[in-house]
Amino acid sequence: MRELICIVCPKGCHLKIDEEKDWSVTGNQCPRGAEYGKMELTHPTRVVTSTVRCIGGAHPRCPVKTDRAVPKEQIGAVMEALNQVTLTAPVRSGQVIVADICGTQADLIATRDIESNLQK
């Protein structure tokens, strides 16, 4: 039996997951908690948030995130791919930076506008 605190909503339910009973979840106050508990122990995923280099802009780095959770075992590969990215300003929030990063079906998107620092 494993115990987790659910992070799906602010309630923070204390889940108990019994892997011997087909990943049966108790302690959840909603169906999303049961789904979270099972997925967290069988196939954990995370949304990756980081920054990438940005040249020609008002800021040297642009914050980015994946538009969906990626398998936890692929986070290292995603971070390695981020190290290879250099943007050129202007960048718009929501702009897809890398589509289907590392074959995860998640797009890497910018989460901040970065204006160009070049005079017009």
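Predicted, not measured: the structure shown is a model, and the values here were computed from it.

Glancing now at the sheet that holds strand β5 (residues 49-55). Spatial strand order, β8-β5-β6-β10-β9: five strands in an open sheet with mixed pairing. The open sheet is flanked by β8 (86-88) and β9 (96-98), the only strands paired with a single partner. On average, each strand axis in the sheet is tilted by 45 degrees relative to the strand beside it, whichever way the strands run. Two strands pair when backbone bridges link them, and β5 and strand β6 (residues 61-66) are joined in this way by five bridges, in the antiparallel orientation. Residue Ser50 lies in a different strand from β6, and its bridge partner there is Val64. Running at roughly 15 degrees to β5, helix α2 (residues 75-83) makes contact with β5, β6 and β10 (108-110) of the sheet.

Another point: the environment of Cys102. The residue Cys102 is located in the loop between β9 and β10 in this model. Residues in contact with Cys102, not counting those within four places in the same chain, are Gln74, Ala77, Val78 and Ala81.

The topology assignment puts Thr66 in strand β6. Of note is the side chain of Thr66, whose polar atom sits 2.9 Å from the backbone oxygen of Arg68. Excluding its chain neighbours within four sequence positions, the residues that come into contact with Thr66 are Arg46, Val47, Val48, Ile101, Ala106, Asp107 and Leu108.

Cut-offs and rules
- Residues numbered from 1 in each chain as written.
- Predicted model: local features only at pLDDT ≥ 70, side-chain atom pairs only at ≥ 80, totals over all residues.
- Heavy atoms only, no water.
- Pairing = 2+ DSSP bridges.
- Helix = DSSP H or I, 4+ residues; strand = E, 2+ residues; numbered from the N terminus.
- Axes fitted to C-alpha atoms, helices over the stretch in contact; angles between N-to-C directions.
- Contact = heavy atoms within 4.5 Å.
- Polar contact = N/O pair within 3.5 Å; in protein donor to acceptor, adjacent residues only side chain to side chain.

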